[in-house]
Every structure is written in structure tokens, then in C-alpha cells.
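Listed here are the chains, written in short residue letters.
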Amino acid sequence: MIELRNLSKSFMTSKGSVDALRQINLTIRDGDIYGIIGMSGAGKSTLVRCINMLEKPSEGSVIMDGRDLSTLDEKELRSMRRQVTMIFQGFNLLMQKTCLDNVMLPLRLSHVPREEARARAMEMLQMVELPDKAKSYPAQLSGGQQQRVAIARALSTNPSVLLCDEATSALDPRTTHQILELIRDIHTRMGITVIVITHQMSVVQEICNRVAILEHGTVMEEGEVSEVFSNPRSDATRALVYPEIASAIFNEEDDGQRVRLIFNGAPAARMPLIASMAIDCGILASIQSASTRSVGGMTYGYMTLEIPGGPDDLARAVNYLRKTPQISVQADVHYSMKEGQA
Amino acid sequence: MNQFQRAFTSESLAEAWEIFLQDFPLALWDTVYVTVLSTFFAIVIGLPLGMFLVAGDEKGIRPMPRLLMRILNMVINFLRSVPFLILIVMVIPLTRLIVGTSVGTTASIVPLVIAAFPFVARLVETSLREVNPNIIETAQSMGATPIQILLRVMLPESVPSLVSNFTLAITTILGYTAMSGAIGGGGIGKIAIMVGYNRYKYAVLYLAVIVLVILVQIFQNTGSWLSRKLDKRLKH
């Protein structure tokens, strides 16, 4: 079990002290796949580096299985780091060494005899399904393969915790999926605790059971993934759950009147909203753009409808949509007509 | 007819050719011997020193007292800024102490090493600083000691860069050997100055230059080829 207690970290810069983390309190249980999600600059990387003491916390403590890591000396820290290993966004393999040598490295660093290390490394490469790449150099491998080798390397010392620092952020969606699958598989097989740092909600959705939302160095929300995502309480969470809203911009060049619907956890999936509006009001709205996703049976996202006719029709449509039962719709009315606003 | 025109009459060319056949084989051997040995010793001293400069830096993997690093940097900068000809004279007592004499081919190795090792240390420093800091962090995350990071991560990762920098060092040292020829060191440089310049046999001077150019080409091409060959980042 890993407990972060009142963890704070500040950096001294030329402009003074900057708080990267403020009073973080988290508990990560053994066997969790724990997601820490946030936008860039939220402090995720600093947080994960405090867990293996690559960054020394300014205040507070990291307690692993009852031991306060800040009390460890250099030697104890090094042996702790063989138990808490890490994979990275950039894979960080030694480019001048073969894959086998890369996987052997952590073992050789802890003075495991060469032959024994080689056997263990081959076993690890088999687990990540790349035994035939043992003699290849990282440059000859794809990104996904390099990350597999990095995973084999991280697991060679048989750790109890695996830290993933944006481990899939440099990969395409398909490869991301495969790597996450591998991590989940390893988690099941080795019973390892996994901490996943990411800015992608899809990653958390796919493999995590618990999640913490980090913003400006503070934990905004924390809990079971389904719970946090189905009922986002903070703006930071909402921005992560449906990032499209922030970026959805009306094209001002186009004529026409539009209504923007924002689904903020509405059970709208089974509502024939546009069809019923056509029947009830005779307004034949067309969808201009939409991006919604379903989390725990609730719909999040936005939809932009073009409403034909004049300002009257627009007003009727807005009224109708606002009256729609069982749906929390924030109707945003935008005009971009040259005649001016109604 | 001026001196330069006189240098290329058929007689003087024939004479130069004779000198070339007679003296150059030994001079070439002297030059290569001095260059290779000096480079070797310069690396023996410069490589650990360069590693120390990187590791002991304020933001290095094993920061050392700032005063120590500052003194070390000052000494290196001092040695780098002394003109080589003056350095040769300055280190004569040391040369006598090590070699027993301050003149001759072997004796010229001492000032060459002293001039070259700070240069090599700086080259090693640049090579090691090129190593991706993320890889160093990764090694730290594996529980590597500073010595292990240096020897098992930074050094292997910078091999291609080190090889091309050592190539630069050996060609520079080759240039220095020509200067040491001026004050008693043997080699091609000595013939160029003693015979070619002092005795106005300019054809010999040009022949010597051609031989030096060919030597530099050989060292440079071999070094570049080796560096490319060793670099596993290139797909081949």
C-alpha cells in the first residue's frame, strides 16, 4: 500500500518558488491500477517522481508498506527503486545496447550474475512477446515494440509497483490499446500495483479501477473510475470527460442559426430528441457536429444543431429542447446571421 | 627567379624526391608514433577527467564541492589557452623528469599530452552531456549508483560521439607534432621546417605538407567510419 500524506513539492526558479504539488493525500492499495490524470502542467510527473523519490518532497511523506520513504538512505533508496520500477513516454531505452542488454541492465546493476540475468531477461522478452528481438537494437523497433522492451526491463527485477509516466502518450491509438492490454495482463498475472500517469481519459477508462484528478498540483477528485466519471464534481473533471466542449467553436462564416446542446450526464442515449422535435414542432433540425461519449450509461459531450427557418423557429426549438424531460440540456443559442441578432 | 620558382626546377624536385625517399619513412613513423601515443595518454587522462567534470557538476549525477569544480575548470582553461610552442618550453623540467631528456621524438610526447588532455577532457565532457537526460533519469529510477550510471549508461551511450571527438583530437595532435618538430621533436614537421624552410628547399616543404594532409585524411576517414559503424541508432 502506498500512502501519500500532505505531500507538497515546490521548485525554486529564478522567479521564486513554484508549488508543483500542494497537500496531496492519496492511498493506493495493493493490486490497484491507479490512474492519475490531469492536463499538462498539473504536476503529474512530479507526483510520480515523488513516489520513487526521484524528486524529494518538500513537505509531507510517501509511505510504502508502512515505511516512510524520506527516511531511507541512498542505499535503501536504490533497493526500493528495484521494487518500484518505471516506464516512460519516451521509452528511454539505451540506444547503443541490444534489447536483451537493455532488459538485463537493472539486473546487472544489482549484481545478478550475467548468465542468470540473461535467462531472466529472455523470460521477460518472452512475456512481452518479443523474444526474437533480443539481438536487435531499439532503433530497429517500432514505438510499441520499444515500449514492450521497456516494460520487460521494468519488470525484470520482479517489482511490486510499476509506475507508468505517460507510457502510451507517444503511441497511436491501436498500439496504445495493445500496450494497455499488456499492462493489464501483467497486472493480473504478477499481482503488481500499477500507477498510471496520463492526460488521456481513454487510458484511465480502459485499465484503471481508481482515479485521481490532478489540477494545479491539487487533487480535485478521487475515487472509483466509474463513480468519478459518471458524476464529475469539479470543472477539471468535466473538462477531461468532455474536452470537446472547450474546443468546439462555431464557424462564424456560415450563415444560419444554431443551437448547442451540452450533455452533462444526461440519459440521452435512448431519447430520439431530434425526431421528436420534428414531430412535435415541425422543426427539421440537422446535426452540424457532435461529440458525445457514454460513461456509466450517461451521456457527456455536445451537439450542434442547425435550425432552419426564422428567429421564431429558433425560439421554439430552444424552448422545446429546454422543456425536454429527463434531460439536462444547457441550450446555447448562437447567431451568426448577417441581419443581426434576433 | 625567386625562391619559390627555384623550388620547382627539375633539379630541386629531383633533390626533394631523394630526400623524400631517404628521410620520410622514418619521419612518418616518428610522426605516427608520437601522434598515436600522445593521443592515447591524452585520452587516458582526459577521459576520466571529462567524466568527472560531467558527474561532479552542480546538476550532475554526483555533485562535487563547487570550489573544486571551479579550480578544475580554471586549470583546464589555463592549459588550453597557453600557446603550444610556449607550453613546450614551460614543461621542459617535467619532460626531463619523465623522459630524462627534453629533446627528441619521445620527449615531445610529454608537452603534447599536457596540451591535449585538457582538450580531450572538454571533448569528453561535450560527448557525455549529449546523452539523453531521460536515459540518465531512467538509470536512477532503476537504482543505479553514480559510478554505474557513468560506466554502464553514459559511456556506452556516447561511444559514437566519443569516437568522432577522439578523431578530432588525434588530427589536432598531429598538427601539434609538426610544431614540436621546430624544437627537437622528430617527424614530418621537423623535415618540413629544418630542411624545407631553413634550407630553402620548398619542394620538400610541400611534400611534407602533402604527406601530413594524407595522414589527416586517413585518421579522419577511419574515425568517421568507425563512429558510424559503432552507432546503433542508425539502421543497418
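The structure presented is a predicted model; accordingly, all values stated were derived computationally and were not measured.

(A) Inspection of the overall build of chain B at higher detail. Along chain B, the regular secondary structure elements total 11 helices and 0 strands. Along its sequence from the N terminus, chain B presents helices and strands in the succession α-α-α-α-α-α-α-α-α-α-α. Taken over the C-alpha atoms alone, chain B extends approximately 75 × 50 × 30 Å along its principal axes. Classification of the 236 residues of chain B by burial places 42% in the buried group.

(B) View of the sheet that holds strand β5 (residues 67-68) of chain A. Residue and element names in this part refer to chain A. Strand order in the open sheet formed by 4 strands is β2-β1-β4-β5, and the pairing between neighbours is antiparallel. In the strand order of this sheet, the two ends are held by β2 (16-28) and β5, each with one partner. As paired elements, strand β4 (residues 59-64) and β5 share 2 bridges and run antiparallel to each other. By the bridge assignment for β5, I63 is matched with D68.

(C) Just the confidence of the model for chain B, in detail. Residues and elements named next belong to chain B. Averaged over chain B, the pLDDT score is 91; the fraction of residues at 70 or greater is 98%. For chain B, the element scoring lowest by mean pLDDT is helix α1 (residues 3-7), at 72; helix α8 (residues 146-157) scores highest, at 97. The ipTM value of the predicted complex is 0.88, and its pTM value is 0.81.

(D) Structural detail: the confidence of the model for chain A. All names here are of chain A. Here chain A averages 85 in pLDDT, and 86% of its residues register 70 or above. Across residues 246-253 the pLDDT falls below 50, and counting only partners more than four positions away or on other chains, this stretch makes 6 contacts in the model. Taken together, the stretch residues 336-342 has pLDDT below 50 and engages in 11 contacts with residues farther than four places along the chain or on a different chain.

(E) Spatial organisation of the sheet that holds strand β8 (residues 193-198) of chain A. Residue and element names in this part refer to chain A. Spatially, 6 strands are ordered β6-β7-β8-β3-β9-β10 in an open sheet, and the strand pairing comes out mixed. Each end of this open sheet is capped by a strand with a single partner; those strands are β6 (84-88) and β10 (218-224). Strand-to-strand twist across the sheet, computed as the mean angle between neighbouring axes with direction ignored, equals 15°. Taken together, the 5 bridges between strand β3 (residues 33-37) and β8 define a ladder with parallel strand orientation. Each bridged residue has a counterpart across the sheet, and for Y34 the counterpart in β8 is I195.

(F) Region of interest: unusual backbone geometry. Although it is not a glycine, F91 of chain A adopts a positive phi angle of roughly 65°. Tracing the chain through its elements places F91 of chain A in the loop between β6 and α3 (99-109).

(G) Spotlight on the environment of L72 of chain B. Residues and elements named next belong to chain B. Examined against the element boundaries, L72 turns out to sit in helix α3 (residues 66-81). In this structure L72 comes out as partly exposed when scored by C-beta crowding, with 17 C-beta atoms within 10 Å. When the C-alpha positions of L72 and L53 are compared, they lie 8.3 Å apart, and in sequence the two are 19 residues distant.

(H) Representation of the packing of helix α2 (residues 10-55) of chain B against helix α6 (residues 109-129) of chain B within the structure. All names here are of chain B. The geometry of α2 relative to α6 is characterised by a closest axis approach of 6 Å and an angle of 45° between their N-to-C directions. The orientation of α2 relative to α6 falls into the category oblique. At the point where α2 passes α6, the crossing takes the right-handed sense. Of the residues that constitute the contact of α2 with α6, the class distribution is 20 nonpolar, 4 polar and 2 charged.

(I) Region of the structure containing the packing of α6 of chain B against helix α9 (residues 159-180) of chain B. Residues and elements named next belong to chain B. Contact geometry for α6 and α9: axes closest at 10 Å, N-to-C directions at 160°. Judged on the interaxial angle alone, α9 and α6 are roughly antiparallel. The handedness of the crossing between α6 and α9 is right-handed. Contact residues: α6 offers P111, L112, A115, A116, F119, V120, L123, V124, T126 and S127, while α9 offers S161, L162, N165, L168, A169, T172, I173, Y176, T177 and S180. Within the contact of α6 with α9, the residues separate by chemical class into 13 nonpolar, 7 polar and no charged.

(J) Molecular detail of α6 of chain B. All names here are of chain B. Across its 21 residues, α6 extends 29 Å between first and last C-alpha, which sits within 8% of the 30 Å expected from 1.5 Å per residue. The largest bend in α6 is about 30°, located at A116, with the proline P118 one to four residues further on. Counting buried positions along α6 gives 19 out of 21 residues, so the element sits mostly inside the fold.

(K) Fine view of the environment of T95 of chain B. Residues and elements named next belong to chain B. Mapped onto the fold, T95 is located in helix α5 (residues 92-99). It is 8.6 Å that separates the C-alpha atoms of T95 and I109, two residues lying 14 residues apart in sequence. Apart from residues no more than four positions distant in its own chain, T95 is found in contact with S102, A107, V110 and P111.

(L) Summary view of the nonpolar core. Counting residues in each nonpolar core, the largest one holds 136 residues, and the members touching the most others are C164, I195 and V196 of chain A together with A116 and V120 of chain B. It is α6 of chain B that provides the largest number of residues to this core, a total of 14 residues. Not counting residues up to four positions away in its chain, the partners in contact with V120 of chain B are A42, I43, G46, L47, G50 and A169 of chain B. Residues A285, I307, L314 and A317 of chain A belong to the second largest nonpolar core, which totals 14 residues.

(M) Broad picture of the interface of chain A and chain B. Taken together, the contact pairs 22 residues of chain A with 19 residues of chain B. Going through the elements one at a time, α2 (74-81), β6 and α3 of chain A are the ones with two or more residues in the side of chain A that touches chain B. Among the residues forming the side of chain A that touches chain B, the class breakdown is 10 nonpolar, 8 polar and 4 charged.

(N) Representation of helix α5 (residues 143-155) of chain A. Residues and elements named next belong to chain A. For α5, spanning 13 residues, the distance from its first C-alpha to its last is 18 Å, which sits close to the expected 18 Å at 1.5 Å a residue. Counting buried residues in α5 gives 10 out of 13 residues, a clear majority hidden from the surface. Within the sequence span of α5, burial applies to Q146, Q147, R148, V149, A150, I151, A152, R153, A154 and L155.

What counts and how
Residues numbered from 1 in each chain as written. Chains lettered and ligands numbered in written order. Predicted model: local features only at pLDDT ≥ 70, side-chain atom pairs only at ≥ 80, totals over all residues. Helix = DSSP H or I, 4+ residues; strand = E, 2+ residues; numbered from the N terminus. Buried ≥ 20, exposed ≤ 12 C-beta atoms within 10 Å, placed from the backbone. Pairing = 2+ DSSP bridges. pLDDT = per-residue confidence, 0-100. Contact = placed C-beta atoms within 7 Å. Axes fitted to C-alpha atoms, helices over the stretch in contact; angles between N-to-C directions. Parallel < 35°, antiparallel > 145°, perpendicular 65-115°, else oblique. Left-handed = near helix turned anticlockwise from the far one by under 90°. Nonpolar A, V, L, I, M, F, W, Y, C, P; charged D, E, K, R; others polar. Expected span 1.5 Å × (residues − 1). Bend = angle between axes of the 7 residues up to and from the residue. Core = buried A, V, L, I, M, F, W, Y, C linked by C-beta atoms within 7 Å.

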